[in-house]
Amino acid sequence: MPSLPSLALVTLVVADYDEAIAFYTDALGFRLAEDADRGGGRRWVVVRPPGAAEGTGLLLARAEGGAQRASIGAQTGGRVGFFLHTDDFARDHARMTAAGVAFLEEPRHEPYGTVAVFEDLYGNRWDLLQPR
């Protein structure tokens, strides 16, 4: 039976490769999976959250030009666009808070799990979520 397509990478437009790598690895605990020079100041930078399947991750793409720079931090129009699942909300919330992650609300308990919205270094909104 042939395998079905799967989601591999999602591009996140960033202002600077190194500051984005530092945030996603240090503050969120992602792993730097790839960082390859593509010439002309371009790099192929992939970070993966803990437990992500090989091949799944965020492609950190430095903005080029005014339209791309304008989209930094607003790729989802101010909505939560990214969902980071955890098996221990309290642990990861405390670790991320200590690392300077900006949570926009206190943790709340919903029928689907424990959740709190946070912003990455550019203002993109994420849910830290421990599903029920």
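Residues numbered from 1 in each chain as written. Predicted model: local features only at pLDDT ≥ 70, side-chain atom pairs only at ≥ 80, totals over all residues. Heavy atoms only, no water.

**Q** How should I be thinking about the overall build of the protein in this particular structure?
**A** If you tally the helices and strands in the protein, you get three helices and nine strands. Reading the secondary structure of the protein in the N-to-C direction produces β-α-β-β-β-α-β-α-β-β-β-β. The globule rule puts the C-alpha radius of gyration for 132 residues at 14 Å, and the 15 Å found for the protein is close to it. The principal-axis extents of the C-alpha atoms in the protein amount to approximately 45 × 45 × 25 Å. Across the 132 residues of the protein, 33% fall into the buried class. At a minimum sequence separation of 6, the contacts of the protein that also span at least 24 residues come to 53%. In the form shown here, the protein has an accessible surface area of approximately 7,500 Å², with 54% of it arising from carbon and sulfur atoms. Within the protein, one finds 13 positive and 18 negative side-chain charges whose respective centroids are separated by 4 Å. (Helix = DSSP H or I, 4+ residues; strand = E, 2+ residues; numbered from the N terminus. Rg over C-alpha atoms; globule rule 2.2 N^0.38 Å. Buried < 20%, exposed > 50% of the residue type's maximum accessible area, 1.4 Å probe, protein only. Contact = heavy atoms within 4.5 Å. Areas by Shrake-Rupley, 256 points an atom, 1.4 Å probe, with all protein chains shown as cover. Lys, Arg positive; Asp, Glu negative; His and termini not counted. Charge placed at Lys NZ, Arg CZ, Asp CG, Glu CD.)

**Q** Looking at this structure, how should I read the pairing of strand 4 (residues 57-62)?
**A** The two faces of a sheet get side chains in turn, since along a regular strand they alternate between them. Where strand 1 (residues 9-14) lies against strand 4, six bridges are found, and the strand directions are parallel. Within strand 4, the position partnered with Leu 12 by the bridge is Leu 60. Bridging between strand 3 (residues 42-48) and strand 4 involves three bridges; their strand directions are antiparallel. Residue pairing in the sheet places Val 47 in a bridge with Leu 58 of strand 4. (Pairing = 2+ DSSP bridges.)

**Q** Explanation requested: the UniProt feature "domain: VOC" (unreviewed entry) in the protein in the structure shown.
**A** As annotated in UniProt, the feature "domain: VOC" (unreviewed entry) corresponds to residues 6-131 in the numbering used here. Between the C-alpha atoms that bound residues 6-131 the distance is 22 Å, and the span itself is 22% helix and 42% strand. (UniProt positions renumbered as here; feature names shortened; annotations may be inferred.)

**Q** Teacher, can you tell me more about the pattern of salt bridges here?
**A** Side-chain pairing between opposite charges can occur once the charged atoms of the two side chains come close. Taken as a whole, this structure holds eleven salt bridges when the rule is applied. The residue Arg 48 makes a salt bridge to Glu 54 at a minimum N-O spacing of 3.4 Å. Residue classification places Arg 48 among the buried positions, given a relative accessible area of 5%. One network of salt bridges, with partners in common, ties together Asp 87, Arg 91, Asp 92 and Arg 95. (Salt bridge = Lys/Arg side-chain N within 4 Å of Asp/Glu carboxyl O.)

**Q** When you look at the environment of Asp 16 in this model, what are you seeing that I'm missing?
**A** In this fold, Asp 16 is placed in the loop between strand 1 and helix 1 (17-27). For the pair Asp 16 and Leu 129, spaced 113 residues apart in sequence, the C-alpha separation works out to 27 Å. Those residues in contact with Asp 16 that sit more than four places away from it in its chain are Arg 62 and Tyr 122. Among the polar contacts listed, one links the side chain of Asp 16 to the backbone nitrogen of Asp 18, at a separation of 3.1 Å. (Polar contact = N/O pair within 3.5 Å; in protein donor to acceptor, adjacent residues only side chain to side chain.)

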